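Each chain, written out:
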Amino acid sequence: MTITVAIVGRPNVGKSTLFNRLVGKRLALVDDRPGVTRDRREGEGRLGHLSFRVIDTAGLEEAKAESLEGRMRAQTEAAIDDADVLLFMIDAKAGITPSDRAFAQLARRSGKHTILVANKAEARGSEGGTLDAYSLGLGTPVELSAEHGDGMGDLVRALAEFVPDDGDEADLDDEGGRRIRVAVLGRPNAGKSTLINALLGEDRLLTGPEAGITRDSIAVDVERHGVELRVFDTAGMRKRARIDDKLEKLSVADGLRAARFAEVVVVLMDATHPFEEQDLRIADLVEREGRAVVLAISKSDLVKDQQGFVTRMREDADHSLPQVKGAPVVLVSGLTGEGLDRLVRAIAQVHEVWNRRVATNPLNRWLGEVTSEHPPPAVSGRRIKLRYITQPKARPPSFVLFCSRADAVPESYVRYLVNNLRTSFDLPGVPIRLTLREKDNPYAEKE
């Protein structure tokens, strides 16, 4: 049975743009003017490993039933009745409006599974709108950019709770849990396909001494010591300036998509040339996408003093990649099979950290201790007050710190807080998002 997903929300929040991205075609007209979409438009949507029927709807507006806007609203309400899942979209840049609140009540009254989508999250100043979206009572918002394709991995994970994966049941393990989605990224000829073949125990993927054999992102299922993985092999990534072949560009883009839909990314480096500039670029890209990171050093059979080598690699990793400090470093060999069990354990551990939530009480005790030990600096003679911290979401761990004069907090102090969060709550190898937000002063004069 095909699940129906309806995209609803007020006009001009980006519903048709998301619809076009889900169906893979420009079926719906898109323009900056509100009210372009009037009729319901249906298509066959696909996102990651999920397939579903998707409906684009007119923007919800409060209007008389006999007016054009009223008839458009009736079409949207019919789509809501027909749908199994609602994607309730807001404009994170514009923030929550009275119309959003009115139509959030309509979505709740429908009794349908509802996923709150904060679109235009790439825009500057969108963080406030995303945080305000919690007040709608529709759960944690999925931050994305329908225009640029950012955040689609988070959307597929949200949809996966409601959309059955009929054509791909292997994505579930025997107990009904979902496999950990892992992408293997690295430079050409780092040994990605050889490593995955070793994990599988068979020559499933084509390998050879030539660089650039892999073109498409190929998914295979791996089970090792009770850990269920879906592993994506990807094309080798060279520096952008060196890529002039159209097919190679498409292959790299396919690999980047695999990384966005993954939960854990294994950055594979050649033991003979580890931590080259391109390796660091790839790891930085993974961190910006918000994925958990495992650093794997391939061709370990070529390393003599392995213990000393691994220690040195960990020090280099923490120095070169402070944004994912503590990321596991595993020495592996696709040729001999060495280190494969350690790699799978590291993936499972970092995935658990990536999903970790910290309770509010310990967080605020930590804030009191860390500010007593090292208070924020005074700016222009005025002390910055850090009032309250909470974690609104995981995957990756994301924190919101309410304070006075958020724009005046030095970047160095933000880094100090992030590093202390990582150490105090044992969050190695994952990106940490810390958003500073000013708390409104009810006694301040308003214009």
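Residues numbered from 1 in each chain as written. Predicted model: local features only at pLDDT ≥ 70, side-chain atom pairs only at ≥ 80, totals over all residues. Heavy atoms only, no water.

**Q** Lay out the overall build of the protein chain in plain terms, naming residues and giving numbers.
**A** Helices and strands together make up the secondary structure of the protein chain, namely 12 helices and 15 strands. Scored against the burial criterion, the 447 residues of the protein chain give a buried share of 50%. When contacts within the protein chain are restricted to residue pairs at least 6 apart in sequence, those whose partners lie at least 24 apart make up 69%. Surface accessibility of the protein chain: about 22000 Å² in total, with carbon and sulfur atoms responsible for 46%. (Helix = DSSP H or I, 4+ residues; strand = E, 2+ residues; numbered from the N terminus. Buried < 20%, exposed > 50% of the residue type's maximum accessible area, 1.4 Å probe, protein only. Contact = heavy atoms within 4.5 Å. Areas by Shrake-Rupley, 256 points an atom, 1.4 Å probe, with all protein chains shown as cover.)

**Q** Kindly report on unusual backbone geometry, identifying the contributing residues and their values.
**A** A cis amide bond links Arg395 to the next residue, Pro396, at an omega of 0°. Note on placement: Pro396 falls in the loop between strand E13 (386–393) and strand E14 (398–403). Its identity as a non-glycine residue notwithstanding, Phe275 has a phi of 55°, on the positive side. Under the relative-accessibility criterion, Phe275 is labelled buried at 13%. In this structure, Arg405 takes a positive phi of about 55° despite not being glycine. Among the secondary structure elements, Arg405 is positioned in the loop between E14 and helix H12 (411–424). Judged by relative accessible area, which is 16%, Arg405 ranks as buried.

**Q** Describe the sheet that holds strand E6 (residues 142–143), naming the residues involved and giving the relevant values.
**A** Here we have 6 strands laid out as an open sheet, ordered E2-E3-E1-E4-E5-E6, and mixed in their pairing. At either margin of the open sheet sits one strand with a lone partner, and together these are strand E2 (41–47) and E6. Note that E2 and strand E3 (residues 50–56) share 7 bridges and pair antiparallel. In the strand pairing of E3, Gly45 is matched with Phe52. Most of the contacts of helix H1 (residues 15–23) go to E2, to which it runs at about 55°, and overall it touches strand E1 (4–8), E2, E3 and strand E4 (85–91). Each of E4 and strand E5 (113–119) is contacted by helix H3 (residues 98–110), which is oriented at about 170° to E4, the strand it contacts most. (Pairing = 2+ DSSP bridges. Axes fitted to C-alpha atoms, helices over the stretch in contact; angles between N-to-C directions.)

**Q** Help me get a handle on the confidence of the model for the protein chain, residues and values and all.
**A** Scored by pLDDT, the protein chain has a mean of 81; 80% of the residues are at 70 or more. Across the protein chain, the secondary-structure element scoring lowest on mean pLDDT is helix H7 (residues 246–261), at 66, and the one scoring highest is helix H10 (residues 340–354), at 95. Within the model, pLDDT remains below 50 along residues 167–176, and this stretch shows 16 contacts once partners closer than five positions in the same chain are excluded. Taken together, the stretch residues 442–447 has pLDDT below 50 and engages in 0 contacts with residues farther than four places along the chain or on a different chain. (pLDDT = per-residue confidence, 0-100.)

**Q** Would you mind going over the environment of Gly151 in detail, with residue names and values included?
**A** Locating Gly151 in the fold gives a position in the loop between E6 and helix H5 (152–159). Classification of Gly151 by relative accessible area gives buried; the value is 16%. Taking C-alpha positions, Gly151 is 8.8 Å from Ala121, a pair spaced 30 residues apart along the chain. Those residues in contact with Gly151 that lie beyond four places of it in its chain are Val142, Glu143 and Leu144.

**Q** Quick rundown of the pattern of salt bridges? Include the residues and the values.
**A** Here the structure, examined in full by the defined rule, presents 19 salt bridges. Measuring nitrogen to oxygen at the nearest pair gives 3.1 Å for the salt bridge that ties Asp100 to Arg10. Here Asp100, found in helix H3, pairs with Arg10, found in the loop between E1 and H1; they are 90 residues apart in sequence, far enough to count as distant. The class of Asp100 is buried, set by a relative accessible area of 0%. Arg281 is the partner of Glu277 in a salt bridge, and the nearest nitrogen-oxygen pair spans 2.7 Å. Of this pair, Glu277 and Arg281 both sit in helix H8 (residues 277–288), separated by 4 residues, roughly a single helical turn. (Salt bridge = Lys/Arg side-chain N within 4 Å of Asp/Glu carboxyl O.)

**Q** Provide a residue-level description of the nonpolar core, including the pertinent values.
**A** Membership of the largest hydrophobic core comes to 53 residues, with the highest contact counts inside it found for Leu229, Val294, Leu343 and Ile347. Ranked by the residues each element gives to this core, the list is headed by H10, at 8 residues. Those residues in contact with Leu343, other than ones at most four positions away along the chain, are Leu195, Val266, Val294, Ala296, Val330 and Val332. (Core = buried A, V, L, I, M, F, W, Y, C linked by side-chain atoms within 4.5 Å.)

**Q** How would you summarise the packing of helix H11 (residues 360–373) against H12 if you had to cite specific residues and measurements?
**A** In contact at an axis separation of 11 Å, H11 and H12 are set at 125° when each is read in the N-to-C sense. The angle between the axes of H11 and H12 places the two elements in the oblique class. In terms of crossing hand, the pair formed by H11 and H12 is right-handed. Residues Leu363, Trp366, Val370 and Thr371 of H11 form the contact with H12, whose own contacting residues are Tyr413, Tyr416, Leu417, Asn420, Leu421 and Ser424. Partitioned by chemical class, the residues of the contact of H11 with H12 number 7 nonpolar, 3 polar and no charged. (Parallel < 35°, antiparallel > 145°, perpendicular 65-115°, else oblique. Left-handed = near helix turned anticlockwise from the far one by under 90°. Nonpolar A, V, L, I, M, F, W, Y, C, P; charged D, E, K, R; others polar.)

**Q** I'd like to hear about the packing of helix H6 (residues 192–200) against H10, residue by residue, with values.
**A** Two elements in contact, H6 and H10, have axes separated by 11 Å at closest approach and are oriented at 95°. Between H6 and H10, the interaxial angle falls into the category roughly perpendicular. Contacts between H6 and H10 involve Leu195, Ala198 and Leu199 from the former and Leu340, Leu343 and Val344 from the latter. For the contact of H6 with H10, the residue count by class is 6 nonpolar, no polar and no charged.

**Q** So what's going on with helix H9 (residues 306–320)? Which residues, and what values?
**A** With 15 residues, H9 should reach 21 Å at 1.5 Å per residue; the first-to-last C-alpha distance of 20 Å fits that figure. When we look at burial in H9, the residues that qualify are Phe309, Val310, Met313 and Ala317. One side of H9 holds all its buried residues, which, seen down the axis, span an arc of 95°. Along H9, exposed side chains directed more than 90 degrees from the buried face belong to Gln307, Glu315 and His319. Its buried side turned inward, H9 meets strand E11 (292–298) and strand E12 (329–331). (Expected span 1.5 Å × (residues − 1). Arc of directions from axis to C-beta.)

**Q** Quick rundown of the pairing of strand E7 (residues 180–186)? Include the residues and the values.
**A** Most of E7 sits out of view: 7 of its 7 residues are buried. Covered by surrounding structure in E7 are Ile180, Val182, Val184 and Gly186 together with Arg181, Ala183 and Leu185, the residues of both alternating faces. The sheet contact formed by E7 and strand E9 (residues 227–233) spans 5 bridges and is parallel. Directly across from Ile180, in E9, lies its bridge partner Leu229. Alignment of E7 against strand E10 (residues 264–270), held across 5 bridges, turns out to be parallel. Bridging across to E10, Val182 finds its partner in Val264.

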